[in-house]
Amino acid sequence: MTPSPPSVAHSRRAPFGFAAVVLAVAAAIAIGAWGWNSSRTPAPPSIPIRAEEPEPPPPDSSYVIARENLEITRQDLAKRLTSATDAAERQKILTEAHAVFANGISRHLAPWWKDTPWDFNGTTQTPGQGKIACGYYVSTLLQHAGLKVERIRMAQQASLHIIQSLVGKDALVKGHSLPLQQFVDRIKTCGTGLYVVGLDNHTGFLWNDGTDVWFLHSSFAGKRCVVRERAHQSEVLGASKYRVAGYLSGNRELMESWLAARDIPTKLPSA
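Calculation notes
- Residues numbered from 1 in each chain as written.
- Predicted model: local features only at pLDDT ≥ 70, side-chain atom pairs only at ≥ 80, totals over all residues.
- Heavy atoms only, no water.
- Helix = DSSP H or I, 4+ residues; strand = E, 2+ residues; numbered from the N terminus.
- Expected span 1.5 Å × (residues − 1).
- Buried < 20%, exposed > 50% of the residue type's maximum accessible area, 1.4 Å probe, protein only.
- Polar contact = N/O pair within 3.5 Å; in protein donor to acceptor, adjacent residues only side chain to side chain.
- Contact = heavy atoms within 4.5 Å.
- Salt bridge = Lys/Arg side-chain N within 4 Å of Asp/Glu carboxyl O.
- Pairing = 2+ DSSP bridges.
- Axes fitted to C-alpha atoms, helices over the stretch in contact; angles between N-to-C directions.

Undergrad: What's the story with helix 3 (residues 87–109) in this structure? I'm lost.
TA: Structurally, the α-helix is built with 3.6 residues per turn, so residues lying three or four positions apart point the same way. Taking 1.5 Å per residue as the helical rise, helix 3 with its 23 residues ought to reach 33 Å, and the 31 Å between its terminal C-alpha atoms agrees with that figure. By the burial criterion, the buried members of helix 3 are Ile93, Leu94, Ala97, His98, Val100, Phe101, Ala102, Gly104, Ile105, Ser106 and Leu109. At the N-terminal end of helix 3, a side-chain oxygen is found 3.2 Å from the backbone nitrogen of Ala88, two or three residues along, and the residue is Asp86.

Quick look at the structure:
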């Protein structure tokens, strides 16, 4: 028996169903191609970290209060050190003093000096007022932290003699021939805390906070003012052919002198 021809309705649906399949396959291919191309699209470039980053506000209500609080803590540590009965207890107190001294300058005093103008002859003792040279920035903060340095005499010395006055000749971290990043890595290896760094014609503090090494200084470059910048990105540090640092807070004798309020004479070139 001969089959009957398909109905009109069935003959019209068949081409439409085939076209739908073709369209679906084409859409799938297009979507897949779009997804593949999207996966190949490079991510937007990351924003580089600047050498100078916004620093947190000072934790104290004023610079005077910051100095007073640091002095109270120094005196308390000094009394405890005097009363210590054995070497282990003394070492524990000196380790605490190491952290207090480093953080006192870098976290409590230095932020108040931010943006104070630099001048080769600047000698101000008040942050934000007047101008300050790099050597006076170092000697003034040391004195304001309670270290009995000769502020004026020390500030007028070459950076090497400033460092030697504080930690002696045998406690230097040298990096004359090292690329800047390797010098910074050496500071990280030496330990956390505060350093004074000497350059060709400049000086300042290096602060190893355990994560980054910061360069705190009254800068003759850029904005020509007191700045805090990442050491490995500092143009001033990078341009200097001479680099040497003294580990202040890690020096036992210096910390004992700080607690005992002993005078620290300035070592002169002929000394």
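Undergrad: Is there a simple way to think about helix 9 (residues 252–260) in this case?
TA: Among the residues of helix 9, Leu254, Met255, Glu256, Ser257, Trp258 and Leu259 are the ones counted as buried. Buried positions along helix 9 lie against helix 2 (63–83), helix 3, helix 6 (159–167) and strand 8 (263–264). By the N-cap criterion, in which a side-chain oxygen at the helix start approaches the backbone nitrogen of a residue two or three places on, helix 9 is capped by Asn251, the distance to Glu253 being 3.3 Å.

Undergrad: Looking at this structure, how should I read the side chain of Thr116?
TA: The topology assignment puts Thr116 in the loop between helix 3 and helix 4 (134–144). A relative accessible area of 1% means that Thr116 is categorised as buried. A distance of 2.8 Å separates the side chain of Thr116 from the backbone nitrogen of Gly128, its partner in a polar contact.

Undergrad: Explanation requested: the pattern of salt bridges in the structure shown.
TA: When the charged atoms of two side chains lie near each other, side chains of opposite charge can form a pair. This structure, assessed with the given rule, holds seven salt bridges. Residue Arg153 pairs with Glu150 through a salt bridge whose shortest N-O separation is 3.8 Å. The exposure class of Arg153 is partly exposed, given its relative accessible area of 39%. By relative accessible area, which is 31% here, Glu150 ends up partly exposed. Across the pair Arg252 and Glu256 runs a salt bridge whose closest N-O atoms are separated by 3.2 Å. Placement of the pair is Arg252 and Glu256 together in helix 9, with a separation of four residues, close to one helical turn. One network of salt bridges, with partners in common, ties together Arg90, Arg252 and Glu256.

Undergrad: Hey, could you run me through the sheet that holds strand 4 (residues 203–208) in this one?
TA: Think of a sheet as strands paired side by side through backbone hydrogen bonds, with each pair either parallel or antiparallel. Across the sheet, six strands lie side by side as 2-7-3-4-5-6; this open sheet has antiparallel pairing. Edge positions in the sheet fall to strand 2 (172–174) and strand 6 (226–230), since each of these pairs with one other strand and no more. Recorded for the sheet is a direction-independent mean angle of 25 degrees between the axes of neighbouring strands. Across six bridges, the pairing between strand 3 (residues 193–198) and strand 4 is antiparallel. Across the sheet, residue Gly193 finds its bridge partner in strand 4, namely Asn208. Relative to strand 3, helix 3 is tilted by about 60 degrees, and along the sheet it contacts strand 3, strand 4, strand 5 (213–218) and strand 7 (244–247). Seen against the sheet, helix 7 (residues 180–190) touches strand 2, strand 3, strand 4, strand 5 and strand 7 and runs at an angle of roughly 150 degrees to strand 2.

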